[in-house]
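The lines below spell out each chain.
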Amino acid sequence: MSAISFRWMWSLWPAFLLACVAELLFFGLIDPGDLHWRGEPIGISRQAAYTIGFFLFWGLATASSMLTLLLAARPEPELRPPLSKFADDGIVEVQHRNVRIVDADALRSLINP
């Protein structure tokens, strides 16, 4: 799976659970038949009110989760300090987020000429 698929899963599943709880709490306290808009009854069935409420809660929770993921995202690899020059010369090995020094003497000679 791609990183984008994981982000969607990380957002949609907790948002779904939150929407379930929010719907239970909201409609446990408020009867959909008593809902009014600008002084008039909304004129939809209870089942339609439950469905619309669920998707509204799910959409709000998903937006909140996506915003959290966006703000917590790490910088892209291109924005991280480049180690490719040292890796190409065989001085260091870069694997995911770990850097291992292969040739310490060569690295010292590059840092302190």
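Within any chain, residue numbers begin from 1 and follow the written order of that chain's sequence. Predicted model: local features are reported for residues with pLDDT of at least 70 only, side-chain atom pairs are reported and counted for 80 or more only, and whole-chain, interface and lining totals are derived from all residues. Only hydrogens and water are set aside; all other atoms, that is, all heavy atoms of the structure, feed into the side-chain values.

### As for the confidence of the model for the protein
At step 1: Overall, the predicted model of the protein reaches an average pLDDT of 79, with 65% of residues at or above 70.
At step 2: Summary of the metric used: pLDDT quantifies the predictor's per-residue confidence within the range 0 to 100. Helical segments are the DSSP runs of H or I of at least four residues, strand segments are the runs of E of at least two, and each set is numbered from the N terminus. Per-element confidence in the protein ranges from a low mean pLDDT of 58 for helix 3 (residues 84–88) to a high of 92 for helix 2 (residues 46–72).

### Quick look at the pattern of salt bridges
At step 1: A carboxyl oxygen of Asp or Glu within 4 Å of a side-chain nitrogen of Lys or Arg is what we treat as a salt bridge. This model, assessed by the stated rule, comprises 1 salt bridge.
At step 2: For Arg-46, the salt bridge goes to Asp-31, with nearest N and O atoms at 2.1 Å. Residue Arg-46 is found in helix 2, and its partner Asp-31 is found in the loop between helix 1 (3–29) and strand 1 (36–37); the two are separated by 15 residues along the sequence.
At step 3: Under the scheme applied here, a residue whose accessible area is under 20% of the maximum for its type counts as buried, over 50% as exposed, and between as partly exposed, the area being computed with a 1.4 Å probe on protein chains only. Judged by its relative accessible area of 44%, Arg-46 falls in the partly exposed class.
At step 4: Judged by relative accessible area, Asp-31 falls into the partly exposed class, the value being 29%.

### Some words on the packing of aromatic side chains
At step 1: For Phe, Tyr and Trp, rings pair up if their centres lie within 6.5 Å, where Trp contributes its six-membered ring, and each pair is then called stacked (planes under 30 degrees apart), edge-to-face (over 60) or tilted (otherwise). Taken as a whole and assessed by the stated rule, the structure comprises 10 aromatic pairs.
At step 2: Ring centres of Phe-6 and Trp-10 lie 6.0 Å apart, and the angle between their planes is 35°; this geometry places the pair in the tilted category. Placement of the pair is Phe-6 and Trp-10 together in helix 1, with a separation of 4 residues, close to one helical turn.
At step 3: Classification of Phe-6 as partly exposed rests on a relative accessible area of 32%.
At step 4: Take Trp-10: its relative accessible area is 51%, and that puts it in the exposed class.
At step 5: Arranged with centres 5.6 Å apart and planes meeting at 15°, the rings of Trp-13 and Phe-16 form a pair that is stacked.

### Comments concerning unusual backbone geometry
At step 1: A positive phi angle, close to 55°, is found at Arg-38, a residue other than glycine.
At step 2: Here Arg-38 lies in the loop between strand 1 and strand 2 (40–41).

### Here we look at the packing of helix 1 against helix 2
At step 1: For every element, the axis is a line fit to its C-alpha atoms; helices are fit only across the contacting stretch, and the angle between N-to-C directions ranges from 0 to 180 degrees. Axis separation between helix 1 and helix 2 bottoms out at 7 Å; the angle between their running directions is 140°. Taken together, helix 1 and helix 2 sit at an angle that is classed as oblique. Seen from above, helix 1 lies across helix 2 with right-handed handedness. When an angle is under 35 degrees it counts as roughly parallel; over 145 it counts as roughly antiparallel; between 65 and 115 it counts as roughly perpendicular; any other value is oblique. By the definition used in this description, the sense in which the near helix is turned from the far one sets the handedness, with an anticlockwise turn below a right angle giving left-handed and a clockwise turn giving right-handed.

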